[in-house]
Amino acid sequence: MRSGMTLACLAALATAACASPGPSHGHGDASVSGQATFYEKLLMPVDAVLAIDLIDLSRGATIQHAEFAGHPGPPYAFELRYDPHALPPDARLGIRATLSHPDGERVFATPSPIPVNGARTEPETFRMFHLP
């Protein structure tokens, strides 16, 4: 059944994620958090892997990567820590997300990075869509 599944896209339901500064301790003193969800009637295994990449949209460079597993199902919450002092002053942040089966088969993904809204402090939610 999974062989017929193709890459799916993740579209913004809101602004998708939020960046919040934390105490200044060096590496990892800021974070981006959010939740990914989908409405399709598809049951993902508990050990599905949500991979999040924090990207500098100005340069197309990945700043930080993290993988999260063990979620019982949507929404898939995440928090990704990064060092804001290591970024260029004009960096514009975004996230790219994929949701995969434990065997690595990607089922959902963002078609493009979703901009991070640094002015908010609570997590945002973005919706995933499955493509046949």
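Before reading further, recall that the structure is shown in the block above.
A brief structural summary. (Residues numbered from 1 in each chain as written. Predicted model: local features only at pLDDT ≥ 70, side-chain atom pairs only at ≥ 80, totals over all residues. Heavy atoms only, no water.)

1. Remarks on the overall build of the chain
Helix and strand content of the chain: zero helices and ten strands. Order of helices (α) and strands (β) in the chain, N terminus to C terminus: β-β-β-β-β-β-β-β-β-β. The buried share among the 132 residues of the chain stands at 41%. Sequence separation of at least 24 residues holds for 71% of the intrachain contacts in the chain that already meet a minimum separation of 6. As displayed, the chain has an accessible area near 6,800 Å², and 57% of this comes from carbon and sulfur atoms. (Helix = DSSP H or I, 4+ residues; strand = E, 2+ residues; numbered from the N terminus. Buried < 20%, exposed > 50% of the residue type's maximum accessible area, 1.4 Å probe, protein only. Contact = heavy atoms within 4.5 Å. Areas by Shrake-Rupley, 256 points an atom, 1.4 Å probe, with all protein chains shown as cover.)

2. Structural notes on the packing of aromatic side chains
A complete count under the given rule lists one aromatic pair for this structure. Judged by centre distance (6.4 Å) and plane angle (45 degrees), the rings of Phe-68 and Phe-78 are tilted. Residue Phe-68 is located in strand β5 (residues 61-69), and its partner Phe-78 is located in strand β6 (residues 76-82); the two are separated by ten residues in the primary sequence. Like Phe-78, Phe-68 is buried. (Phe/Tyr/Trp six-rings, centres within 6.5 Å; stacked < 30°, edge-to-face > 60°.)

3. Describing the pairing of β6
Where burial is concerned, the two faces of β6 differ: the one with Tyr-76, Phe-78, Leu-80 and Tyr-82 is buried and the one with Ala-77, Glu-79 and Arg-81 is not. Across four bridges, strand β3 (residues 30-38) lies against β6 in antiparallel orientation. When the sheet's bridge partners are listed, Val-32 is paired in β6 with Leu-80. (Pairing = 2+ DSSP bridges.)

4. Some words on the pattern of salt bridges
Counted by the stated rule, this structure contains three salt bridges. Salt-bridge contacts for Asp-56 lead to Arg-59; the nearest nitrogen and oxygen are separated by 2.9 Å. Relative accessible area serves as the criterion here: at 45%, Arg-59 is assigned to the partly exposed category. Measuring nitrogen to oxygen at the nearest pair gives 2.6 Å for the salt bridge that ties Asp-90 to Arg-59. Here Arg-59 lies in the loop between β4 (49-56) and β5 and Asp-90 lies in the loop between β6 and β7 (93-100), a separation of 31 residues in the sequence. (Salt bridge = Lys/Arg side-chain N within 4 Å of Asp/Glu carboxyl O.)

5. Quick word on the nonpolar core
Formed by 25 residues in total, the largest nonpolar core has its most connected members in Met-44, Leu-50, Ile-52, Leu-54, Ile-95 and Leu-99. Secondary-structure elements contributing two or more residues to this core are β3, β4, β5, β6, β7, β8 (106-109) and β9 (114-117). Aside from chain neighbours lying at most four places away, what touches Met-44 is Phe-38, Tyr-76, Leu-99, Ser-100, His-101, Val-107 and Phe-108. (Core = buried A, V, L, I, M, F, W, Y, C linked by side-chain atoms within 4.5 Å.)

6. Some thoughts on the environment of Arg-92
Checked against the element boundaries, Arg-92 lands in the loop between β6 and β7. Setting aside its immediate chain neighbours within four residues, Arg-92 contacts Ile-55, Asp-56, Leu-57 and Ser-58.

Coordinates in, geometry out; function isn't part of it.
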